[in-house]
Amino acid sequence: EKGASLSMKFSCEKALLQSMITIASRAVAPKSTIPALEGVLLEAEQELNLTGYNLKTGIRGTISADIAEPGSIVLSARLFGDIIRRLPDDMVTLSTDDLMVNITCGMSEFNILGMDPSQFPELPAVEYQNSMILPQRILHSMITETIFAVSTNDSRPIHTGELFERNGEGLLTVVAVDGYRLALRRETTQLNVSETACQFVIPAPALNEVSKICGDTDETVEIVQGSRHIMFRLESEKITLITRRLEGEFLNYNQAIPSNNPIAVSVDRKKLISCIERCSLIITEQQKSPLRCTFGDGVLDIRTATAIGTAQDQCPMVGNGNGLDGQQLEIGFNNKYILDALKAANAETLRISLNTPISPCIIQPEEGDDQDQFLYMVLPVRLKAGQ
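Draft legend 1. Representation of the overall build of the protein chain within the structure. Counting secondary structure elements, the protein chain contains 7 helices and 25 strands. Expressed as lengths along the three principal axes of its C-alpha atoms, the size of the protein chain is roughly 80 × 55 × 35 Å. The burial tally for the protein chain puts 52% of its 387 residues in the buried class. In the protein chain, of all internal contacts separated by at least 6 residues, the share reaching a separation of at least 24 is 66%. Total accessible area on the protein chain is roughly 18200 Å²; 49% of this is exposed by carbon and sulfur atoms. In the protein chain, the 34 positive side-chain charges and the 49 negative ones have mean positions that sit 7 Å from each other.

Draft legend 2. Inspection of empty space enclosed by the protein at higher detail. Considering all chains together, one arrives at 1 cavity of 30 Å³ or more under this definition. Looking at the largest cavity, the residues that line it are Leu272, Ile276, Cys293, Phe295, Leu300, Phe333, Ile338, Leu342, Ile352, Cys361 and Ile363. Contributing elements (two or more residues each) for the lining of the largest cavity: helix 6 (269-279), strand 19 (291-295), helix 7 (335-344) and strand 24 (361-365).

Draft legend 3. The arrangement of helix 7 in detail. Counting buried residues along helix 7, 8 of its 10 residues qualify, which places the element largely inside the surrounding structure. Capping the start of helix 7, Asn334 holds a side-chain oxygen 2.7 Å from the backbone nitrogen of Lys336, two or three residues further along.

Draft legend 4. The packing of helix 3 (residues 136-144) against helix 4 (residues 204-213), seen in detail. In contact at an axis separation of 9 Å, helix 3 and helix 4 are set at 140° when each is read in the N-to-C sense. When the interaxial angle is binned, helix 3 and helix 4 end up oblique. Once helix 3 is placed against helix 4, the crossing between them reads as left-handed. On helix 4, the residues touching Gln136, Leu139, His140, Ile143 and Thr144 of helix 3 are Leu207, Val210, Ser211 and Ile213. Residues belonging to the contact of helix 3 with helix 4 are distributed by class as follows: 5 nonpolar, 4 polar and no charged.

Draft legend 5. Summary view of the side chain of Asn355. Within the secondary structure layout, Asn355 lies in the loop between strand 23 (349-354) and strand 24. Taking the relative accessible area as the measure of exposure, Asn355 reaches 14% and is therefore buried. Reaching out from Asn355, the side chain makes a polar contact with the backbone oxygen of Asn260 at a distance of 3.4 Å. If sequence neighbours within four positions are ignored, Asn355 has contacts with Asn260, Asn261, Pro262, Ile263, Leu324 and Leu329.

Draft legend 6. Focus on the environment of Gly106. In this fold, Gly106 is placed in the loop between strand 8 (100-105) and strand 9 (108-113). A residue is classified by how much of its surface remains accessible, and Gly106, at 46% relative accessible area, is partly exposed. Excluding residues that lie within four positions of it along the chain, Gly106 makes contacts with Asp90 and Met91.

Draft legend 7. Quick look at unusual backbone geometry. A positive phi is found at Leu55, a non-glycine position, where the angle reads about 75°. Mapped onto the elements of the fold, Leu55 is located in the loop between strand 3 (48-53) and strand 4 (57-63). Unusually for a residue other than glycine, Lys238 sits at a positive phi of about 55°. Looking at the element boundaries, Lys238 is found in the loop between strand 16 (229-234) and strand 17 (239-244).

Draft legend 8. Representation of the sheet that holds strand 5 (residues 66-69). Strand order across the open sheet formed by 5 strands is 5-1-7-8-9, with antiparallel pairing between neighbours. Lying at the two open borders of the sheet, with one neighbouring strand each, are strand 5 and strand 9. Neighbour to neighbour, the strand axes of the sheet diverge by 15° on average, direction disregarded. Along the sheet face, helix 1 (residues 14-25) touches strand 1 (7-13) and strand 7 (91-97) and points at about 105° away from the line of strand 1.

Draft legend 9. Structural view of the sheet that holds strand 18 (residues 263-268). Overall, antiparallel pairing links the 12 strands, which are arranged 14-11-12-13-25-24-23-18-21-20-19-22 in an open sheet. Looking at strand neighbours, the two that pair on one side only are strand 14 (198-203) and strand 22 (329-333), the edges of this open sheet. Neighbour to neighbour, the strand axes of the sheet diverge by 25° on average, direction disregarded. The sheet contacts of helix 3 involve strand 11 (161-166), strand 12 (171-177) and strand 13 (181-188), and relative to strand 13 the element is tilted by about 165°. Together, strand 13, strand 19, strand 22, strand 23, strand 24 and strand 25 (374-378) form the strand contacts of helix 7, whose direction differs from that of strand 25 by roughly 175°.

Draft legend 10. Structural detail: the pattern of salt bridges. Considering all chains together, one arrives at 20 salt bridges under this definition. Residue Glu209 is joined to Arg26 by a salt bridge in which the shortest nitrogen-to-oxygen separation is 3.9 Å. Taken together, the residues span a long stretch of sequence, with Glu209 in helix 4 and Arg26 in the loop between helix 1 and strand 2 (39-44) at a distance of 183 residues. Linking Glu285 and Lys288 is a salt bridge whose minimum nitrogen-to-oxygen distance equals 3.3 Å. When its relative accessible area of 61% is taken as the criterion, Glu285 is described as exposed. When salt bridges that share partners are traced, they join Asp178, Arg181, Lys336 and Asp340 into one network.

The rules behind these values
Residues numbered from 1 in each chain as written. Predicted model: local features only at pLDDT ≥ 70, side-chain atom pairs only at ≥ 80, totals over all residues. Heavy atoms only, no water. Helix = DSSP H or I, 4+ residues; strand = E, 2+ residues; numbered from the N terminus. Buried < 20%, exposed > 50% of the residue type's maximum accessible area, 1.4 Å probe, protein only. Contact = heavy atoms within 4.5 Å. Areas by Shrake-Rupley, 256 points an atom, 1.4 Å probe, with all protein chains shown as cover. Lys, Arg positive; Asp, Glu negative; His and termini not counted. Charge placed at Lys NZ, Arg CZ, Asp CG, Glu CD. 1 Å grid on protein atoms, 1.4 Å probe; cavity = no way out; pocket = protein on both sides within 12 Å on 5 of 7 lines; lining within 4 Å. Points joined across faces, edges and corners; volume = space filled by probe spheres on them. Polar contact = N/O pair within 3.5 Å; in protein donor to acceptor, adjacent residues only side chain to side chain. Axes fitted to C-alpha atoms, helices over the stretch in contact; angles between N-to-C directions. Parallel < 35°, antiparallel > 145°, perpendicular 65-115°, else oblique. Left-handed = near helix turned anticlockwise from the far one by under 90°. Nonpolar A, V, L, I, M, F, W, Y, C, P; charged D, E, K, R; others polar. Pairing = 2+ DSSP bridges. Salt bridge = Lys/Arg side-chain N within 4 Å of Asp/Glu carboxyl O.

These figures capture arrangement, not role.
Written out as structure tokens, the structure reads:
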């Protein structure tokens, strides 16, 4: 029962407390009609729990503390975070007298008013349906290499999240799509005997927080699927993130990705990025124009023209861009969409597969690299004569 206990008292290391406030605060509502939601819930039991919750995503972290008297209180996330960050590197002692909170550290002392913890909503319970375990660095890369393609348009809410789909063999596929492009990433997960195939869609804002919390480490993160919520559990850091699932029909990505692409060329990823970035210098928000890409024999010619002027560049490639009619394939792309995909692609050499000027372009790792790791699809822009 979360009534405001009359007194609570604990001490812990400043650095520990500061890092956990930062993590819990990621889920705090910046502005809310419920004042407690702008706060962090502190619960001192055997250890100290800190919770932030904006009614969509909740983050709870646990740190070890010397607890003299158990209890709970809600403190303004911004003020509490600022105070702890500015304190000297020493032991912090926090005690409460009803809602008055006393914070001391070294010579510094603050007395601030807290909020009644009973005003803080409970985190949703996650009824276990399924789970998967993978290294934090793998989950981090799966999110950061796909999240750019998530839709920001609320007309199809299901596409404002990412599809997580695991088959019976433990192969996890993560897909993001926004109507102009698609990003897909695959990775094998540890499969427990009891686990089955599953799929669910997680909102992008929650995934952004998950990727920030995941370190570049082989320490694992467990993803637990509930009927309405998803929980991410980082055992080693004692951090839990809970978010609601998105409901709806996600794009059937297997059907959307064309399998017949007679033209395939290889390019050096960094060289192609440089070429496109140079040509993009004359494209602005006001002066938009597609990149006109001509796939020749061993060379990709890129040019664009806006009211600012024209730009042209060439990128060497391996292969021949002759289309079905024997002509060089000329195709238009939005510079941002193609750059996002190229920058996320985690391979030195990329294979670009094409068919016609109005068919999607597929970007994958060159054969020999781990082929299944990623696939990006970008829809072309119809070129007008004279562009």
